[in-house]
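# Remarks on the overall topology
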Amino acid sequence: MLRRSGIYALKALLELALDPPRWQSVNALALAQDLPAPMLEQLMLKLRRAELVESRRGRQGGYRLRRLPANLPLAAILAAVDAPAASLMAATEPEEDPQPSDRVTRVLNRRLLQALERELDRLTLEDLLFDLRSAQAAFSESGGLLLG
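Residue indices follow the written sequence of each chain, beginning from 1 at its first position. Totals for whole chains, interfaces and linings use all residues, but because this is a predicted model, local features are given only for residues with pLDDT of at least 70 and pairs of side-chain atoms are given and counted only at 80 or more. The side-chain quantities take in all heavy atoms of the structure and omit both hydrogens and water.

Only strands that DSSP links by at least two bridges are regarded as paired with each other. Runs of H or I in DSSP of at least four residues are treated as helices and runs of E of at least two as strands, each being numbered from the N terminus. Bridging between strand S1 (residues 53–56) and strand S2 (residues 62–65) involves four bridges; their strand directions are antiparallel. Each residue of the ladder has a partner; that of Ser-55, found in S2, is Tyr-63. Turn length for the S1-S2 hairpin, with the two strands adjacent in sequence and antiparallel, is five residues, and the turn residue Gly-58 shows positive phi of about 105 degrees.

Two elements in contact, helix H3 (residues 37–49) and helix H4 (residues 74–81), have axes separated by 8 Å at closest approach and are oriented at 120 degrees. With respect to each other, H3 and H4 are oriented oblique. Viewed along their axes, H3 and H4 form a crossing whose handedness is right-handed. Two secondary-structure elements touch here, H3 through Leu-43, Lys-46 and Leu-47 and H4 through Ile-77, Ala-80 and Val-81. Three categories are distinguished: nonpolar for Ala, Val, Leu, Ile, Met, Phe, Trp, Tyr, Cys and Pro, charged for Asp, Glu, Lys and Arg, and polar for the others, with Gly belonging to the last. Broken down by class, the residue content of the contact of H3 with H4 amounts to five nonpolar, no polar and one charged. Between N-to-C directions, angles cover 0 to 180 degrees, with each direction set by a line fitted to C-alpha atoms, over the stretch in contact for helices. Here roughly perpendicular refers to angles of 65 to 115 degrees, roughly parallel to angles under 35, roughly antiparallel to angles over 145, and oblique to all remaining angles. When the near helix sits turned anticlockwise from the far one by under a right angle, the crossing is termed left-handed; a clockwise turn instead gives a right-handed crossing. Any pair of residues with heavy atoms lying within 4.5 Å of one another is described as a contacting pair.

Below, the discussion takes up the side chain of Asp-82. Positionally, Asp-82 belongs in the loop between H4 and helix H5 (85–92). Only protein chains enter the calculation, and the probe is 1.4 Å; a residue is then buried if its accessible area is under 20% of its type maximum, exposed if over 50%, and partly exposed in between. A relative accessible area of 13% means that Asp-82 is categorised as buried. Under the rule applied, a polar contact is a pair of N or O atoms within 3.5 Å (in protein, one hydrogen donor and one hydrogen acceptor; residues adjacent in sequence only if both atoms are side-chain atoms). Separated by 2.4 Å, the side chains of Asp-82 and Ser-5 make a polar contact. If near-sequence neighbours (up to four positions away) are discounted, Asp-82 is found in contact with Arg-3, Ser-5 and Gly-6.

Interpretation in functional terms is not warranted from these geometric data alone.
Here it is, written out as structure tokens:
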């Protein structure tokens, strides 16, 4: 359901959230998350324009989060790098409703989209970071489940 650009942006911001005060280059982020650096560079510029990250030039430069992960809603991150979900849905809806069943489908699609938008507004980067850390803690170095 998410576009590649949204997934890449979330992965890069999660990497930044793991070590918030440190400036990280696009190449370091790309390497850590196995992402294509040229595309990631474009995404980071969009995130900077949206004031979600800040950048610094030079040898010790790179990117870092501009806000705490708890103050970064997923909706804002995805909107910065992708078209909003509502515009994608509108583009796929026909102009006319020739069949009553089509109207029902449109109403259902709108309700699902509204629920998705509410959830993306509610969820933050901190929530994803918590899930990531929980998953890492649940598995041992060898990839097996830790018990107890």
